[in-house]
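# Structure assessment
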Amino acid sequence: SDPIAISNRVFGDVLLKLDAIPQALVTVIEGSAFGGANGLISVSDIAIAEAHARFSLSETTLGVPPAQIGPFLVRRMGLYNARRLALTGAHFGAQEACRVGLVDKVVNGDAGLEGALVETLTAIGRCEPEANAATKAIFNRAAAPIDPAQLDEAAVDFAACLRGEGRKGAMAFAQKTTPPWLETYSTTKEA
């Protein structure tokens, strides 16, 4: 009954529905894919990124967890890659996104994107739609399914963080200032 948790949880339902559609879901990434956009990429069957695309699991830098996208990210790129990128809020490029399994192919420029998309859609078009739908269903059953209860708990965690320090993080983001928890480290030692 927490309105923040309920609002956050809605995106989880969107991801569950996209994850379960019988058609092949292809994502093309240009520019920046920060935060929730990575959840959409995570439920894609094929993700193609332009070489200059930038990515970030930026939620933690705002004081909130990547609540609804977290389980999908872990399934897509593995626990330790997801933790490393989320716990640092790192900005990373298309090549790193491909290396960790978030995207499947990196191409150069609009022509590269168009060519890769045409190639991918043509390959999908060679497959019989019902066979593809059955294949996705079989594979989704074989993989660890995302339990809606996990997303419910993540929404509660998100709401708690947003009511805590996350409120300051959202304010800092809106005002383009530094959040209060920011710490920087140096390898140089003072004499």
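Residues numbered from 1 in each chain as written. Predicted model: local features only at pLDDT ≥ 70, side-chain atom pairs only at ≥ 80, totals over all residues. Heavy atoms only, no water.

## Observations concerning the pairing of strand β3 (residues 46–50)
Rule in force here: In this scheme, a residue with accessible area under 20% of its type's maximum is buried, one over 50% is exposed, and one in between is partly exposed, where area comes from a 1.4 Å probe on protein chains only. Elements are defined by DSSP. Helices are runs of H or I of four residues or more, strands are runs of E of two residues or more, and each kind is numbered from the N terminus. Two strands make a pair as long as DSSP finds a minimum of two bridges between them.
Summarising burial for β3: four of the five residues are buried, a large majority. Where strand β1 (residues 26–29) and β3 come together, four bridges link them in parallel fashion. Considered in β3, the bridge of Val 26 is made with Ile 46.

## What about the packing of aromatic side chains?
Put simply, the test is: Only Phe, Tyr and Trp rings take part, Trp by its six-membered ring, and two of them pair if their centres are within 6.5 Å. Stacked means planes under 30 degrees apart, edge-to-face means over 60, and tilted covers everything else.
Applying the stated criterion to the full structure yields one aromatic pair. Here Phe 55 and Phe 92 contribute two aromatic rings whose centre-to-centre distance is 5.7 Å and whose plane-to-plane angle is 20°, an arrangement assigned as stacked. Here the residue Phe 55 occupies a position in strand β4 (residues 54–56), and Phe 92 occupies one in strand β5 (residues 91–93), the gap between them amounting to 37 residues. In terms of burial, Phe 55 and Phe 92 fall into one category: buried.

## A word on helix α7 (residues 129–142)
Rules: Each helix should span, by expectation, one fewer than its residue count multiplied by 1.5 Å. Distance and chemistry together define a polar contact, namely a pair of N or O atoms within 3.5 Å, with one atom able to donate a hydrogen and the other to accept it when in protein, and with adjacent residues in sequence counting only for side-chain atoms on both sides.
For α7, with 14 residues, the first-to-last C-alpha span of 20 Å sits near the 20 Å given by 1.5 Å per residue. Backbone nitrogen of Glu 130 and a side-chain oxygen of the N-cap are separated by 2.9 Å at the start of α7; the cap is Glu 128.

## Things to note about the sheet that holds strand β6 (residues 105–107)
For the record, the criterion: To get an axis, a line is fitted to the C-alpha atoms, and for a helix only the part in contact is used. The angle between two axes follows their N-to-C directions and goes from 0 to 180 degrees. Note on contacts: a residue pair is in contact if any heavy atoms of the two residues lie within 4.5 Å.
Strand order in the open sheet formed by three strands is β1-β3-β6, and the pairing between neighbours is parallel. Lying at the two open borders of the sheet, with one neighbouring strand each, are β1 and β6. On average, each strand axis in the sheet is inclined to that of its neighbour by 20°, with strand direction left out of account. Where β3 and β6 come together, three bridges link them in parallel fashion. Note that in β6 the partner of Ile 48 across the bridge is Lys 105. Across the face of the sheet, helix α6 (residues 109–125) comes into contact with β1, β3 and β6 while running at roughly 165° to β3.

## Topic: the environment of Asp 19
Structurally, the position occupied by Asp 19 is in helix α1 (residues 3–20). Residues contacting Asp 19, with those up to four places away along its chain left out, are Val 43, Phe 72, Arg 75, Lys 136 and Asn 140.

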